[in-house]
Amino acid sequence: MSNDSCGCDGCTAPREIEDTDPDATGGGGYWIDGDDVADAPLPDDLCAVLGRFVDDDSIETIADYVAAFRRRTDGPLEATDLCHVDEHTGHWGVVDGEKYDFRCVFDAVILARLVEDEATIHTEAPDGTSVVARVSETGELTAMPAEATVSFGIDGAVDPLPAGEGGLAEAYGAVCPYVRAFSNREAYEAWAQTVPAATVGTSLAGATVLSDVIVG
């Protein structure tokens, strides 16, 4: 398995909301319950930003967004497409004794899905709290702490993708800073009020459902 860079150097730290920033979009702590994470209706602000990004005004769910984005990329997602990095970022996965560092926790979840092997995922919440998850060969995820949550979001001021195929680097730059794990729902909701992004939160176990949709 390669640990080559995917060219995702567009990933940046989240911008802080400023009162003078008219384009700042606060996530507001929207929450998705249950197992139907990919097909659950998204809040209007997140639908609008995702739709603007992929030039599709019919986005209502994360599954809609993934389908629209996939139509603009070069085929199915591979392990080498993930946002591998060489330095420690606080987000990594361990598969068969080998460590892979990523820009965000969700890449580690997707890696576990792609290799269909046992994996351990480590990540740091925005407040520095450590969150660990173990994924079985069948995709079952066990989180520590058990109340751990994950966010999905996109920069509220993101530019539309350029015409043509590609766009992984742009997607990583707009999305990676707002895909974070938290020790519980309250920690997610507090963070969501501080970032210029439209976001939703769900249980960390829900991340495996989203990874199934993304991998396809």
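Our structure's up above, just so we're on the same page.
Here's a quick rundown of the structure. (Residues numbered from 1 in each chain as written. Predicted model: local features only at pLDDT ≥ 70, side-chain atom pairs only at ≥ 80, totals over all residues. Heavy atoms only, no water.)

## A word on the overall build of the protein chain
1) Next: Scanning the protein chain from N- to C-terminus turns up six helices and ten strands.
2) Next: Every one of the 216 residues in the protein chain was classed for burial, and the buried ones make up 49%.
3) Next: Across the protein chain, contacts joining residues at least 24 apart in sequence account for 65% of those joining residues at least 6 apart.
4) Next: Counting only carbon and sulfur atoms, one obtains 46% of the accessible surface of the protein chain, whose full area is about 10,000 Å². (Helix = DSSP H or I, 4+ residues; strand = E, 2+ residues; numbered from the N terminus. Buried < 20%, exposed > 50% of the residue type's maximum accessible area, 1.4 Å probe, protein only. Contact = heavy atoms within 4.5 Å. Areas by Shrake-Rupley, 256 points an atom, 1.4 Å probe, with all protein chains shown as cover.)

## Section: helix H1 (residues 44-54)
1) Next: By the burial criterion, the buried members of H1 are Leu-46, Cys-47, Val-49, Leu-50, Gly-51, Phe-53 and Val-54.
2) Next: Buried residues along H1 sit in contact with helix H2 (62-70), strand S8 (149-155), helix H4 (168-175) and strand S10 (197-203).
3) Next: Asp-55 lies just past H1 and shows a positive phi near 55°.

## Topic: the pattern of salt bridges
1) Next: Per the stated rule, a full pass over the model turns up five salt bridges.
2) Next: Ionic pairing is found between Arg-71 and Asp-56, a salt bridge with its closest N-O pair at 3.3 Å. Of this pair, Arg-71 sits in the loop between H2 and strand S2 (84-85) while Asp-56 sits in the loop between H1 and H2, placing them 15 residues apart in sequence.
3) Next: Judged by its relative accessible area of 58%, Arg-71 falls in the exposed class.
4) Next: According to the relative accessible area criterion, Asp-56 is buried, its value standing at 16%.
5) Next: In this structure, Arg-103 and Glu-87 form a salt bridge, with 3.4 Å as the shortest nitrogen-oxygen distance. Within this pair, whereas Arg-103 is found in the loop between strand S4 (98-102) and helix H3 (105-115), its partner Glu-87 is found in the loop between S2 and strand S3 (91-95), the two being separated by 16 residues in sequence.
6) Next: Since its relative accessible area comes to 40%, Glu-87 is described here as partly exposed. (Salt bridge = Lys/Arg side-chain N within 4 Å of Asp/Glu carboxyl O.)

## Brief notes about the side chain of Thr-208
1) Next: With respect to the secondary-structure elements, Thr-208 resides in helix H6 (residues 206-215).
2) Next: When its relative accessible area of 13% is taken as the criterion, Thr-208 is described as buried.
3) Next: For Thr-208, the residues in contact, after removing those within four places along its chain, are Val-109, Gly-139 and Leu-141.

## A closer look at the pairing of S10
1) Next: Taking burial as the measure, the seven residues of S10 include six buried ones, the bulk of the element.
2) Next: With seven bridges connecting them, S8 and S10 associate as antiparallel partners. Residue pairing across strands places Thr-149 opposite Ser-203, the latter belonging to S10. (Pairing = 2+ DSSP bridges.)

## Overview of the pairing of strand S7 (residues 141-144)
1) Next: Covered by surrounding structure in S7 are Leu-141 and Ala-143 only, the residues Thr-142 and Met-144 on the alternate face being uncovered.
2) Next: Where strand S6 (residues 130-135) and S7 come together, four bridges link them in antiparallel fashion. Considered in S7, the bridge of Val-135 is made with Leu-141.
3) Next: Remark: five residues form the turn of the hairpin made by S6 and S7, two consecutive strands paired antiparallel; Gly-139 in that turn has positive phi of roughly 95°.

## Examining the sheet that holds strand S9 (residues 181-182)
1) Next: Strands sit in the order S1-S10-S8-S9 across an open sheet of four strands; the sheet is mixed. In the strand order of this sheet, the two ends are held by strand S1 (30-31) and S9, each with one partner.

## Concerning the packing of H1 against H2
1) Next: One way to put it is that H1 packs onto H2 with a least axis distance of 10 Å and a crossing angle of 10°. Overall, the two elements H1 and H2 adopt an arrangement that is roughly parallel. Of the residues in H2, those touching H1 at Leu-50, Phe-53 and Val-54 are Tyr-65, Ala-68 and Phe-69.
2) Next: Tallied by class, residues from the contact of H1 with H2 come to six nonpolar, no polar and no charged. (Axes fitted to C-alpha atoms, helices over the stretch in contact; angles between N-to-C directions. Parallel < 35°, antiparallel > 145°, perpendicular 65-115°, else oblique. Nonpolar A, V, L, I, M, F, W, Y, C, P; charged D, E, K, R; others polar.)

## Notes on the packing of aromatic side chains
Note on aromatic pairs: each is described by the distance of the centres and the angle between the planes.
1) Next: A complete count under the given rule lists six aromatic pairs for this structure.
2) Next: Ring centres of Phe-182 and Tyr-188 lie 5.7 Å apart, and the angle between their planes is 65°; this geometry places the pair in the edge-to-face category.
3) Next: For Tyr-188, a relative accessible area of 0% translates into the label buried.
4) Next: Between Phe-182 and Trp-191 the ring centres are 5.1 Å apart and the planes differ by 50°, which places this aromatic pair in the tilted class.
5) Next: A relative accessible area of 2% places Phe-182 in the buried class.
6) Next: Here Trp-191 falls in the buried class, since its relative accessible area comes to 9%.
7) Next: Every member of this aromatic cluster is reached through a ring pair, and the members are Trp-31, Phe-182, Tyr-188 and Trp-191.
8) Next: In this structure, Lys-99 packs its charged tip against the face of Trp-92, placed 4.7 Å from the ring centre. (Phe/Tyr/Trp six-rings, centres within 6.5 Å; stacked < 30°, edge-to-face > 60°. Lys NZ or Arg CZ within 6 Å of the ring centre and 35° of its normal.)

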